[in-house]
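What follows is each chain in one-letter form.
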Amino acid sequence: MTASAARRAAAACLLLGLSPAGCGGGGGPTSAPSAAPLPTPGPAWNEVAPLRDAAASGGRLIGTALFSSGLANEPAYAGAAGRHFNYVTAEYEMKWDPIEKTPGVFDFSGADAIVAFAEAHGMQVKGHTLVWHNATPAWVSSLSPSDLRSAVQNHVRTVVGHFRGHVRAWDVVNEAIDDTSLGLRSTVFSRGLGDDYVAECFRLARQADPDALLVYNDYGGEGLNRKSDAIYALVKDLRDRGVPIDGVGLQMHLQAWNMPAAADIAANIRRLAALGLRVNISELDVQIRQLPVATKLTQQRQVYHDVIAACLTEPRCEAVTLWGFTDAHSWIDTTFGPDDPLPFDEQYRAKPAYFGVQDALFGR
Ligand code: XIL
């Protein structure tokens, strides 16, 4: 997608007021339109120390979302991913739509390419995501409740079974909490399967892979707020009822000009861990377009540092995944507008944010 097309798409999204992912729900990441030119470029991706070494020094995983065509066609993309990360999430290609576009017909080609890359580079894999109201093919929405239940059972069992032994953890259900009511979001799954569909999906996933960690993933519940309270209540209820849930993913799609307090992020992570759950930062990116140009990069560095440092205050906060790692490929540009949200710039050079991530992973 050209820069001008991406700008038009972003403007259309914002005009339509579409939810971020729903608006960005096309076929995966696109090339970033050029935002304001960055000041003095940093060192190249292969001139700075691997972030995975910093993460390993603290017993953590540092991950990134990836897409298969970048791995196949862009040497710098593949090289930087393999050098810096030890945890991989498919940005789009493990979702329902790309895998089961028509009922019962499964195409794992893109996802398998990402898993193969991960395993060739000593990286673990997080499956994302089995049940989500976005990136779900239209045929699912037209099913009767009984056919929907069969389709969900078949999808979860087939996909989890396919990747069994290759996936460390699954985002089983994504974004089930409604931003306004803070109750269960009204989706094809809640309407068709009933309010207990979240528990039903976790039980299905556990049956399909007894060894994978099963995670609930959501956005907007990073600090201490009404949504994080709702997420806490949801996962506490699941735990209390013996539903097989092992962890929570906090997406952390952050705006540097509108940040939750790092202390609140740490407190939220701690209270989830106190339930016996693992916690991971699952989709970290830090938007800076509304910051003054002079402070964009230093503030972004600080945010990356403080958020990851908050995670590291809790031993059960075991992984940090960036939602992409280069400004050349970020969903933020096509969903919210031109930005530079990631630790490497469009030429894969390390920004100050890279050093913020590295310092935090080293506990500095
Ligand atoms: C986004 C991807 O980044 C886009 O490439 C895709 O078109 C739509 O989905 N929350 C999530 C992610 O859990 O799966 C979404 O990823 C971003 C919001």
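Residues numbered from 1 in each chain as written. Predicted model: local features only at pLDDT ≥ 70, side-chain atom pairs only at ≥ 80, totals over all residues. Heavy atoms only, no water.

Peer 1: Let's hear about the confidence of the model for the protein chain: which residues, and what values?
Peer 2: The predicted model of the protein chain has a mean per-residue pLDDT of 92, with 89% of residues at 70 or higher. Note on residues 22–26: pLDDT under 50 across the span, and seven contacts to partners over four residues away in sequence or across chains. (pLDDT = per-residue confidence, 0-100. Contact = heavy atoms within 4.5 Å.)

Peer 1: An account of unusual backbone geometry is requested, with residue identities and associated values reported.
Peer 2: Residue Thr129 follows His128 across a cis peptide bond; omega there is -15°. Along the chain, the position of Thr129 falls in strand β3 (residues 124–131). Backbone geometry places Met252, a non-glycine residue, at a positive phi of 65°. (Helix = DSSP H or I, 4+ residues; strand = E, 2+ residues; numbered from the N terminus.)

Peer 1: Would you mind going over the packing of aromatic side chains in detail, with residue names and values included?
Peer 2: Considering all chains together, one arrives at 14 aromatic pairs under this definition. Where Phe325 meets Phe344, the ring centres are 6.1 Å apart and the plane angle is 85°; that geometry is what we call edge-to-face. In this pair, Phe325 is assigned in the loop between β9 (317–322) and α15 (331–335) and Phe344 in the loop between α15 and α16 (352–361), connecting sequence segments 19 residues apart. Overall, the relative accessible area of 1% leaves Phe344 in the buried class. Three or more aromatic residues joined by ring pairs make a cluster, and in this case those are Phe67, Tyr77, Phe85, Phe325, Phe344, Tyr348, Tyr354 and Phe355. Lying over the aromatic face of Tyr219, Lys227 brings its terminal NZ or CZ to 3.6 Å of the ring centre. (Phe/Tyr/Trp six-rings, centres within 6.5 Å; stacked < 30°, edge-to-face > 60°. Buried < 20%, exposed > 50% of the residue type's maximum accessible area, 1.4 Å probe, protein only. Lys NZ or Arg CZ within 6 Å of the ring centre and 35° of its normal.)

Peer 1: Account for the environment of Met123, with residues named and values stated.
Peer 2: Relative to the helices and strands, Met123 is located in the loop between α7 (109–120) and β3. Linking Met123 and Gly82, residues 41 residues apart in sequence, is a C-alpha distance of 8.0 Å. Not counting chain neighbours up to four residues away, the residues in contact with Met123 comprise Arg52, Ala81, Gly82, Phe85, Asn86, Tyr87, Val88, Phe117 and Ala118.

Peer 1: Give a description of the environment of Ala199 that names residues and reports values.
Peer 2: The residue Ala199 is located in helix α11 (residues 197–208) in this model. When the C-alpha positions of Ala199 and Arg241 are compared, they lie 9.2 Å apart, and in sequence the two are 42 residues distant. In contact with Ala199, not counting residues within four places along its chain, are Leu238, Arg241 and Val243.

Peer 1: Give a description of the pairing of strand β4 (residues 169–174) that names residues and reports values.
Peer 2: On a regular strand, each side chain points to the face opposite its neighbour's, so the side chains alternate between the two faces of the sheet. For β4, a buried count of six out of six residues is recorded, marking the element as mostly surrounded by other parts of the structure. Sheet topology note: the β3/β4 ladder contains four bridges and is parallel. Residue Lys126 lies in a different strand from β4, and its bridge partner there is Ala169. Examined bridge by bridge, β4 and strand β5 (residues 213–218) share five bridges and lie parallel to one another. Paired with Ala169 across the two strands is Leu213, which belongs to β5. (Pairing = 2+ DSSP bridges.)

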